[in-house]
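A look at the structure
What follows is each chain in one-letter form.
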Amino acid sequence: MTTNATTPQKPVSGPHTLGKVRPHQTQNEALLFEISSPGKCAYKLPPLDVPAVDAAALLGESHRKTPGELPELSEIEIIRHFTRLSTWNYAIDLGMYPLGSCTMKYNPRVNELVARIEGLAEAHPYRPDSLAQGALEIIDLLQRCLLEITGMDAITLQPAAGAHGEFTGILLVRAWHESKGNARRKILIPDSAHGTNPATAAICGYTVENLKSNADGGIDLEALERQVDEETAALMLTNPSTIGVFESQIHKIADILHAKGALLYMDGANMNALVGKVRPGDFGVDVMHLNLHKTFSTPHGGGGPGSGPVACKTFLEPFLPTPVLVQSDNGTKHWNYDRPQSIGRVRAFYGNVGMFIRALAYILANGPDGLRQTTEDAVLNANYIRKQLEDVYELPYQTASMHEVVFSDKRQAAKGVKTGDIAKRLIDYGFHPYTVSFPMIVHGALMIEPTESESLEELDLFIEAMRAIAKEVEETPELVKSAPHSTRVSRLDEVQAARKPILRWRKSGPAQS
Amino acid sequence: MRYLPKSPAERKRMLADIGAASIDDLFAVIPSEYRLDRDLNVPRQMAESEIIDYFRAAGQKNATDYASFLGAGAYRHYRPVIIDSLVQRGEFLTSYTPYQAEITQGTLQAIFEFQTMIAELTGMDVANASMYDGSTGAAEAVRMAMRITGRSQAVVAATVHPEYREVMATYNQHEALFSTLVGYDAETGRIDLAALEGAVSQETAAVLVQSPNFFGIVEDIPAIAAIAHAKGALLIVSIAEAVSLGVVRPPVEADIVSMEAQSFGVALSYGGPFCGVIAAKEKYVRQMPGRLVGQTVDSNGYRGFVLTLSTREQHIRREKATSNICTNQALVALMATIFLAVYGKEGIRELAEHNLAKAEYAAKTLSAQTGAKLLFNGAPRFNEFVLQSQESPAIWSQRLMDEKIVGGIELSRWYPELGNATLWCATEMITREQIDTAAKVMSAAPVEA
């Protein structure tokens, strides 16, 4: 007799299967410092081939007398330590990771291999351009691909992440306005925007003016018309919006802004819905950033590194950060630092080059047909989930979804169960939670972005889990409210963490105040 | 497409379930005049083997077999093999920011260990989970000092990495923050203390120095701190060469330390991704930018870790946040954590001492040639030194390149007053033979025609 591994079954004894998971052991592991013993080591330096020096004599007062309390361990212990820690993590490699707005797609392994090719991984940023032609060619090809994908005219790859790209883009906006004699005062930001948007506008010296969304969760054209004035520098727009909806009036939005001399900035966080199907440069965007760690498959790595290229129209090109890549008549490439109108540098060197290599490998693996199919599958997956769940979860906006779908917990909240509880219960079913309570225009939001990387089987398991949880909310709400029940640690006390912060280990034990 | 897990039949079935006639129905919301009805003009889909061939060829064009004396903010140190073995575990590599603590304890505990190691090495109380790099970290540290002191002027040493200073200028240009540059002592290469004393006032939010500074010279941190603190200003110390902390006294008098941790096991990668980090005195923690991991307990009393004090951050505070930073350099911070676990308490000292020895030998050997002079010999240095040559660097550096050696970087682009000066770096990766060869090639004056 064969059984389906995913079918709930009741064995004679032992752990039960819930959805696609069954508990297994994870190992306990203390902090590195707690398992350290003096005299152990995991390194061996080659013999010194130059005369040894007396560090205390050379450095004098600047000589370090007391070493830092670093752990002392053997190699096998370090391997086990981090391998054990790794088993406490959920990851895309383990299953669906439907964090809305984060685009948790498959991270191809060939990307990791090519980023470690010796000539690329060991290239010093200050080596002469003549010895860096390989790296410069990669940067050049990636730039051209991203310009084609976005429909823009000029680009910088220097920003290290999405928020850093926003910062760079808004500085371009500001520099352009300044070149016209008035930097202007305010940036308009829809109430559905990511928190990085207002934070960015503020550090660029702008006042943030909130733009209320319309009944469809999109830009309210009348409100926009009222609020855009001669002091408006730009609108920061996420398209598709954070509720996964394409701004179908996008050309009118651009027209309203441009009529008052304001610019349209696009947050490219949701570019995974557009690649190969429509280009921001074609629908009136003046400047935008991309997230290579979202749309272009570079790994999130537990929070970074990212890469946030900024693409713009020709009139903003003179303001791009220094240096910019240029090509000589003989075909060789080099960095040009002579950029009198530049906003300056936003980062040392040229950006997160290792991420450029990975992103280009992804583009080459896809080609034009693969990139388009990827976008189509991402949108297909989100709409499939929407269709299969809209009878059990409230859909606050009926507008067509692109790559993500946003529900609210309205029906479940009536039973005292919130989006955060449902999210935690999903963990017991073997999934990472969706994005909780964002965007803020949806009360109790469940923001689900499956990406193209999920098979129909995985999607069906997710849907099954979400439906099962909705049923649990009706029948046993306490089970959901106290979830997760299957993890190494249960819900953690965040209040205590913030009230008496313990941010490091100390030899004497945590300081008690 | 090999990354897409769907059969044509499944796509059809899903469309039917949704009630769409074709995939284009799902894109109907996009105004037709904007829809792209052609293929993107990007290279055709490639096989995995072709992709590897493309990047291998690019790597070869980059030239791999050169000995390099380049440092200046990016350092070549040996990277233990287990770093890449461990960071390529999918559970680390393909995990998101650990907002869901119950299923990201691995990442969270590793960050807690990183924060501890950075605090231990820098002599600070706390460290954050990482910044983009040393340059943005320094810029954000200055902004942090402005928030703490309520003052709006920065005094910056001219020997802070020039690109860090450029980034700082970009960051602070719209914050009504004024900065004054303080020069260096021509004999020692250290910050000019008298000029510093003259520049610091009751309006100064922070003094920013780098140590070892851009010339590789270790600054007199206690003296600088005394000058800053006398006027109520904070001291920020930027550290670009993190391995120095194995043997150089940590800047315990600083209020904030901004460090580039690339030296801890992170590949050069033509300049990134690297790993900035900000450390500080405990009392300033609520003004720190970036993520912080804290220890707590779960409902059963087990120890666990969470992202904490997030009311400082953009996703909560929006335009009132301490910074707009969201994504950081987590996986690179993990590399640094593994590197520091491998070397440990003793190894980091031994490694730093090897750097000290190599640089000392290189400085002596290279400055012994005719016409060459070691600048700033009057102060301690770590693994970098400044050499002044009679001959223009453009001439001898070409001779070195012909012998497959990349010599020191010319300083005239940033410090024209230093003339034919070049900045050299000798880490543990440089061999005596390479140093001797470089000295021989440099001193071989071209035959006059």
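Residues numbered from 1 in each chain as written. Chains lettered and ligands numbered in written order. Predicted model: local features only at pLDDT ≥ 70, side-chain atom pairs only at ≥ 80, totals over all residues.

1. A word on the overall build of chain A
Note the cut-off: Going along the chain from the N terminus, every DSSP run of H or I of four or more residues is numbered as a helix, and every run of E of two or more is numbered as a strand. Throughout, the radius of gyration refers to the C-alpha atoms, and the reference size of a globule is 2.2 Å times the residue count to the power 0.38. Residues are called buried when their C-beta atom has 20 or more other C-beta atoms within 10 Å, exposed when it has 12 or fewer, and partly exposed otherwise; all C-beta atoms are positioned from the backbone. By definition, residues are in contact whenever their C-beta atoms, placed on the basis of the backbone, come within 7 Å of each other.
Summing up its helical and strand segments, chain A has 15 helices and 12 strands in all. Over its C-alpha trace chain A gives a radius of gyration of 26 Å, about what one expects of a compact globule, namely 24 Å for 513 residues. When burial is assessed residue by residue, chain A has 57% of its 513 residues classed as buried. Taking as baseline every contact in chain A between residues at least 6 positions apart, the subset at least 24 positions apart corresponds to 72%.

2. Here we look at the overall build of chain B
If you tally the helices and strands in chain B, you get 13 helices and 15 strands. With the principal axes as the frame, chain B shows a C-alpha extent of 80 × 60 × 50 Å.

3. Notes on the sheet that holds strand β15 (residues 421-425) of chain B
Residues and elements named next belong to chain B. Using the following cut-off: Between any two strands, pairing holds if DSSP finds at least two bridges. Interaxial angles span 0 to 180 degrees and are taken between N-to-C directions of axes, which are lines fitted to C-alpha atoms, for helices over the stretch in contact.
Taken together, 4 strands build an open sheet; the order of strands is β11-β12-β15-β14 and the sheet is antiparallel. Sheet topology places β11 (373-375) and β14 (409-410) at the edges, where each strand pairs with a single neighbour. Relative to β15, strand β12 (residues 384-388) is paired through 5 bridges, and the arrangement is antiparallel. Pairing of Val 386 across the sheet is with Leu 423, part of β15. Those strands touched by helix α11 (residues 330-367) are β11, β12 and β15, and its axis lies near 5 degrees from that of β12.

4. Re the pairing of strand β12 (residues 445-448) of chain A
Residue and element names in this part refer to chain A. Of the two faces of β12, the one holding Ala 445 and Met 447 and the one holding Leu 446 and Ile 448 are both buried throughout. The pairing of strand β10 (residues 405-408) with β12 spans 4 bridges and is antiparallel. Opposite Ser 408, over in β12, you have Ala 445 as the bridge partner. Bridge count between strand β11 (residues 435-436) and β12: 2 bridges; the pairing is antiparallel. Looking at the pairing, Thr 435 lines up with Met 447 of β12.

5. Concerning the domain arrangement of chain A
Residues and elements named next belong to chain A. Let me state the cut-off plainly: An automatic or database domain assignment is the source of the domain bounds shown.
If you check the domain split of chain A, you get domain 1 (112-363) and domain 2 (374-496). On a C-alpha basis, the centres of domain 1 and domain 2 stand 31 Å from each other. The partner domain 2 presents 19 residues to the 18 residues of domain 1 that form the contact.

6. Examining the domain arrangement of chain B
All names here are of chain B. Using the following cut-off: In this count, Pro and Cys sit with the nonpolar residues alongside Ala, Val, Leu, Ile, Met, Phe, Trp and Tyr, while Asp, Glu, Lys and Arg are called charged and the others, Gly among them, polar.
Under the domain assignment, chain B is made up of domain 1 (67-78 + 345-443) and domain 2 (81-339). Taking only C-alpha atoms, the centre of domain 1 and the centre of domain 2 are 27 Å apart. Each side of the interface is counted separately: domain 1 has 25 residues, and domain 2 has 25 residues. Listed by contribution, the elements that provide at least two residues to the side of domain 1 that touches domain 2 are α11 and β12. Sort the elements by how many residues they give to the side of domain 1 that touches domain 2 and α11 lands first, with 7 residues. Counted by class, the side of domain 1 that touches domain 2 contains 15 nonpolar, 5 polar and 5 charged residues.

7. Description of the interface of chain B and chain A
If you look at the interface, chain B gives 163 residues, while chain A gives 170 residues. In terms of residues, the side of chain B that touches chain A owes the most to one element, α11 of chain B, which gives 24 residues. Counted by class, the side of chain B that touches chain A contains 80 nonpolar, 48 polar and 35 charged residues.

8. What about the sheet that holds β11 of chain A?
With respect to topology, 3 strands assemble into an open sheet ordered β10-β12-β11 (chain A), the strand pairing being antiparallel. In the strand order of this sheet, the two ends are held by β10 and β11 of chain A, each with one partner.

9. Some details on the packing of helix α6 (residues 134-149) of chain B against helix α7 (residues 162-172) of chain B
Residue and element names in this part refer to chain B. This is how the line gets drawn: Working rule for angles: under 35 degrees goes down as roughly parallel, over 145 as roughly antiparallel, 65 to 115 as roughly perpendicular, anything else as oblique. Two helices crossing with the near one rotated counterclockwise from the far one by less than a right angle form a left-handed crossing, whereas a clockwise rotation gives a right-handed crossing.
Close contact between α6 and α7 brings their axes to 8 Å; oriented N to C, the two are set at 45 degrees. Here α6 is positioned oblique relative to α7, judged by the angle of their axes. Note that α6 runs across α7; the crossing there is right-handed. The residues of α7 that touch α6, namely those facing Gly 134, Ser 135, Thr 136, Ala 138, Ala 139, Val 142 and Arg 143, are Glu 163, Tyr 164, Val 167, Met 168, Tyr 171 and Asn 172. The class makeup of the residues in the contact of α6 with α7 is 7 nonpolar, 4 polar and 2 charged.

10. A look at the packing of helix α6 (residues 162-179) of chain A against helix α7 (residues 196-203) of chain A
All names here are of chain A. The interhelical angle for the contact between α6 and α7, taken along N-to-C directions, is 45 degrees, at an axis separation of 9 Å. Regarding the angle of α6 to α7, the classification is oblique. Like other packed secondary-structure pairs, α6 and α7 cross with a definite hand, here right-handed. Along its contact with α6, which presents Gly 162, Ala 163, Glu 166, Phe 167 and Ile 170, the element α7 presents Thr 196, Asn 197, Thr 200, Ala 201 and Ile 203. Here the residues of the contact of α6 with α7 are counted per class, giving 5 nonpolar, 4 polar and 1 charged.

11. Concerning the confidence of the model for chain B
Applied cut-off: Values of pLDDT, ranging from 0 to 100, describe the predictor's confidence in every residue of the model.
Of all residues in chain B, 99% have pLDDT values of 70 or greater, and the mean over the chain is 95. The ipTM, which scores confidence in the relative placement of chains, is 0.97 for this predicted complex, and the corresponding pTM is 0.97.

12. A word on the pairing of strand β3 (residues 153-157) of chain B
All names here are of chain B. What counts, and what does not: The handedness of a crossover follows from its direction of travel: if, with the strands pointing away from the viewer, the path from the first strand over the helix to the second runs clockwise, the crossover is right-handed.
Judged by how many residues are buried, β3 sits mostly within the fold: 5 of 5 residues are covered. Neither face of β3 is open: one carries Gln 153, Val 155 and Ala 157, the other Ala 154 and Val 156, and all of them are buried. Where β3 meets strand β4 (residues 178-182), 5 bridges bridge the pair, whose relative direction is parallel. Directly across from Gln 153, in β4, lies its bridge partner Phe 178. One crossover worth recording links β3 to the parallel β4 by way of α7, and it is right-handed. In terms of strand pairing, β3 meets strand β5 (residues 204-210) through 4 bridges, oriented parallel. In the sheet register, Val 156 faces β5, and the bridge partner there is Leu 208.

13. A closer look at the environment of Val 495 of chain A
Residues and elements named next belong to chain A. Turning to its location among the elements, Val 495 is positioned in helix α15 (residues 494-499). Of the residues examined, Val 495 has 10 C-beta atoms within 10 Å and is grouped as exposed. Between the C-alpha atoms of Val 495 and Arg 185, which are 310 residues apart in sequence, the distance is 38 Å.

14. Some points on the nonpolar core
The following threshold applies: In this usage, the nonpolar core is the set of buried Ala, Val, Leu, Ile, Met, Phe, Trp, Tyr and Cys residues whose C-beta atoms join them within 7 Å.
Counting 321 residues, the largest nonpolar core has Tyr 265 of chain A together with Val 207 and Ile 236 of chain B as its most contacted members. Ignoring sequence-local partners within four residues, the contact set of Val 207 of chain B consists of Val 155, Leu 196, Val 200, Ile 224, Ala 228, Ala 233, Leu 235 and Ile 236 of chain B.

15. What about unusual backbone geometry?
Residue Pro 305 of chain A is reached from Gly 304 of chain A by a cis peptide bond, and omega for that bond is 0 degrees. Of the consecutive residues Gly 272 of chain B and Pro 273 of chain B, the connecting peptide bond is found in the cis state with omega at 5 degrees. Position of Pro 273 of chain B among the secondary structure elements: in the loop between β7 (256-260) and β8 (276-280). Positive phi outside glycine occurs at Ser 130 of chain B, with the angle close to 135 degrees.

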